[in-house]
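The chain contents come next:
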Amino acid sequence: MPELFAFTDGACSGNPGPGGWGVLMQAREGNTVVKERELSGGEPLTTNNRMELMAAISALEALARPSEIVIVTDSAYVKNGVTEWIHAWKRRNWRTAGGSPVKNVELWQRLDAAQARHKVTWRWIRGHAGHPENERADELARAGMAPFKATA
């Protein structure tokens, strides 16, 4: 059975500003890519963190059935948020340790629901470091942002 990977990235022109997200999904058998799918989208006024979250959400929501997947992100915000911080946020009714509301709460809740259907392994990689799949996800994020950037 092939292993599933999703390489995710978000981009923003200004923060906030027009933004986009991109996902490169791959099914691999060993080191061979047997199937590939690209996803992207964007918004006219958003933040980089929101676009990073949307990329991960979109990858998980694109899966038709419960799956085992590795999500590779260059966002420490997303990786740390979903693997560490989210548990305490939920215990505190979506509040930070300082008592303020969690930023982007509706996206964190959507990500939490999306990942609940799957067995997800989260991996962080350094962005813009020559990792081919991450570079491709970045290109998709920029393509998702392009229509909104033109009208900004």
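In what follows, the structure referred to is the one given above.
Residues numbered from 1 in each chain as written. Predicted model: local features only at pLDDT ≥ 70, side-chain atom pairs only at ≥ 80, totals over all residues. Heavy atoms only, no water.

Of all six residues in strand β4 (residues 68-73), five are buried, a share of seventy percent or more. In the sheet, strand β1 (residues 3-12) pairs with β4 via five bridges, with the strands oriented parallel. Paired with L4 across the bridge in β4 is I69. The pairing of β4 with strand β5 (residues 119-124) spans six bridges and is classified as parallel. Bridge assignment links T73 to a residue of β5, and that residue is W124. (Buried < 20%, exposed > 50% of the residue type's maximum accessible area, 1.4 Å probe, protein only. Helix = DSSP H or I, 4+ residues; strand = E, 2+ residues; numbered from the N terminus. Pairing = 2+ DSSP bridges.)

Next up on the list: the packing of aromatic side chains. Counted according to the given criterion, the structure contains four aromatic pairs. Judged by centre distance (6.2 Å) and plane angle (15°), the ring pair of F5 and F7 falls under stacked. For F7, a relative accessible area of 4% puts it in the buried group. Judged by centre distance (5.2 Å) and plane angle (70°), the rings of Y77 and W108 are edge-to-face. Of the two residues, Y77 sits in helix α2 (residues 76-91) while W108 sits in helix α3 (residues 105-116), which places them 31 residues apart along the sequence. Take Y77: its relative accessible area is 19%, and that puts it in the buried class. Take W108: its relative accessible area is 0%, and that puts it in the buried class. Aromatic ring contacts, followed pair by pair, group Y77, W85, W89 and W108 into a single cluster. The ring centre of F5 lies 4.6 Å from the NZ or CZ of R28, which sits over that ring. (Phe/Tyr/Trp six-rings, centres within 6.5 Å; stacked < 30°, edge-to-face > 60°. Lys NZ or Arg CZ within 6 Å of the ring centre and 35° of its normal.)

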